[in-house]
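Close look at the chain arrangement
Given next are the chains, with one letter for each unit.
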Amino acid sequence: MSAHLYDALTARFPKRDKPFLTTAEGRSVSYRELNEGSGRIASVLRDLGVEPGDRVAVQVQKSPEAVLLYLACLRAGAVFLPLNTAYTPVEVGYFLGDAEPKVFVCDPARREEFAEAAQNARVRRVETLDESGGGSLMQKAKAAPPEFANTSREPDDLAAILYTSGTTGRSKGAMLSQENLASNARTLVEYWRFGPKDVLLHALPIYHTHGLFVAINTLLMAGGSLLFLPRFDADTVIRLLPEATSMMAVPTFYTRLLQHPKLNPALLKHMRLFTSGSAPLLAETHREWGAKTGHSILERYGMTETNMNTSNPYEGERIPGSVGFPLPGISLRVVDPDTAAPVRRGEVGMIEVAGPNVFKGYWRMPEKTAEEFTSDGYFKTGDLGRVDERGYVYIVGRGKDLVITGGFNVYPKEVETEIDALPGVAESAVIGVPHPDFGEGVTAVVVRKNGAKIDEREISRALDGRLAKFKLPKRILFADNLPRNAMGKVQKNVLRNTYRDIYKNAAS
Ligand code: AMP
């Protein structure tokens, strides 16, 4: 029977068995084992009463077995629902209540913590899985048959629900269809030239679209292999880079590796591709990486709801600070946030995308879904950006991070770029903070380079004349580092909260 996504992923499985993934300790799972192991778990899921379309919620540490479980869900026709390992019982309770999964798989050490939440959500079965493959799920799987007749799936059937990180309001479940994921993997295999000889260094979490779909689906479809690390650790990455041909990363991987004394081009003999995404890569990091390693990082842009939207070219110029071109088959446009009319080339506006990659809507939120799509079928990404003369796309920030001061729009990225270019500045974040006169006051939070002494007055003086007066930060504050989430995104909501009172008594 045709299991749409699973069939697409396995179409190029190698005829002669070879490792699909190898852990840092040298444990490996071959393609044959992948097929058998996922077959066993799919049999278990079916025995547990999972039927096509049922959700299977999973909050487990990264492990080879967690990958098998993902594939097992596809084969059983279940909707895979991975949850960030940092979520608390209260948060997990919300997801279980909202998604009503039939089965919930969690870490054995946390089973008790989640018992009440699972019961309240009437989850039928709770199974466990730990980092080394222990727990009730694999115990059952060992006794189950490896053969499994895959459940037939249509392109529009759901394959997964991924909850958005939801920095404002309730977290929303993005419904991703079989074809959303299959089409994007197909595109990436081709655009980034993945093949059976590729070995991808995988140090990303697998509850997020980047580590799960962009990395795993693409390499499966290419018939390649993974060097599978439980988490990012600079020493381990440096040790394993000589065995890899490619790495998919968030920007912080690069900044940390650049500080490693052993990073040098000799380690990268087999490397053909470094990608970056999930958060903006500083142009300076791009350049430093190029100077130090001879490799030009390929930056791309995507999101949970849309998979990958744009990418710098494989061949051709990869521009620091740009996320490249819309991928084949994907339409991208930039519109005026007020009128929704397309802006002129080069102007900043809201980014909208359409294509086979775009999700089916938010789980049980038809109104929210309707709000986020235009009448002609484009998804409003919420990102602000512009497209230059040559068609390269630039992300200027999140719409909700736009600062409106005295009625003027200030795009944080523009101010951050000016500040980041100053000697002594490592990085910066520009936010809007409530201000009695201006509505919001442009506020910069700056991280100095090691040992640098640059202060508020020097930065103000340097920006004066380079930016229009209304864009100049009213205050420039200093911090040791910027708060980031697991995907390397700066948490501007945290900064806004920290500094929310600084203009309380300000008068113009
Ligand atoms: P997520 O759904 O967690 O993958 O977050 C998606 C958001 O991350 C996008 O809407 C962008 O705001 C941001 N993002 C992803 N890739 C990039 C990139 N290369 N540069 C800037 N922002 C990015």
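What you see is a predicted model, and the numbers here were worked out from it, not measured in a lab. (Residues numbered from 1 in each chain as written. Predicted model: local features only at pLDDT ≥ 70, side-chain atom pairs only at ≥ 80, totals over all residues. Heavy atoms only, no water.)

Remarks on the site of the ligand
The following threshold applies: Here, proximity means that at least one heavy atom of the residue falls within 4 Å of the molecule or strand. Identification of polar contacts relies on pairs of N or O atoms within 3.5 Å, with a donor-acceptor requirement for protein atoms, meaning one able to donate a hydrogen and the other able to accept it, and with residues adjacent in sequence counted only if both atoms are side-chain atoms. Reported accessibility uses the Shrake-Rupley method at a 1.4 Å probe radius. Residues are deemed covered only where the shown protein chains occlude them. Only DSSP runs of H or I covering at least 4 residues are called helices, and only runs of E covering at least 2 are called strands; the numbering of each starts at the N terminus.
Within the structure, the ligand sits among 14 residues, and Glu299, Arg300, Thr304, Asp383 and Lys489 are positioned closest to it. Within the backbone of Arg300, one N or O atom sits 2.8 Å away from a nitrogen atom of the ligand. Protein coverage of the free-state accessible area of the ligand, which is 500 Å², stands at 91%. In terms of residue count, the dominant contributor to the shell around the ligand is strand β13 (residues 298-303) (5 residues).

Structural notes on empty space enclosed by the protein
Here is the rule we go by: As defined here, a cavity is a set of points on a 1 Å grid over the protein atoms alone where a 1.4 Å probe fits but cannot get out. A pocket is an open set with protein on both sides within 12 Å along at least five of seven lines, and residues line them when an atom is within 4 Å of a point. Grid points are joined across faces, edges and corners, and a volume is the space filled by probe spheres set on the points. Throughout this entry, Asp, Glu, Lys and Arg are counted as charged residues, while Ala, Val, Leu, Ile, Met, Phe, Trp, Tyr, Cys and Pro are counted as nonpolar. The remaining residues, Gly among them, count as polar.
Tallied over the entire structure, the rule returns 2 cavities of 30 Å³ or more. What the largest cavity holds in volume is close to 90 Å³. Forming the boundary of the largest cavity are Val58, Gln59, Val60, Ala66, Tyr70, Phe80, Pro82, Leu83, Thr85, Ile206, Tyr207 and Leu212. Contributing elements (two or more residues each) for the lining of the largest cavity: β3 (55-59), α3 (64-76) and β4 (79-82). When grouped by side-chain class, the residues that make up the lining of the largest cavity number 10 nonpolar, 2 polar and no charged. Reported here for the second largest cavity is a volume of approximately 50 Å³. As for the second largest cavity, its lining consists of Leu181, Asn184, Ala185, Leu188, Phe213, Val214, Asn217, Thr218 and Asn307. Looking at the lining of the second largest cavity, the elements with two or more residues in it are α7 (178-191) and α8 (209-222).

Details of the pairing of β3
Just so we agree on the cut-off: The classification of residues rests on relative accessible area computed with a 1.4 Å probe and restricted to protein chains. Under 20% of the type maximum is buried, over 50% is exposed, and intermediate values are partly exposed. By the convention used here, strands pair only if DSSP detects at least 2 bridges between them. If you view a crossover with the strands going away from you and the path from the first strand over the helix to the second runs clockwise, you call it right-handed.
Across the 5 residues that make up β3, a large majority, 5, are buried. The sheet contact formed by β3 and β4 spans 4 bridges and is parallel. By the bridge assignment for β4, Ala57 is matched with Leu81. Read as a crossover between parallel neighbours, the route from β3 over α3 to β4 is right-handed. Pairing between β3 and strand β5 (residues 103-106): 4 bridges, direction parallel. Among the inter-strand pairings, Gln59 is bridged to a residue of β5, identified as Cys106.

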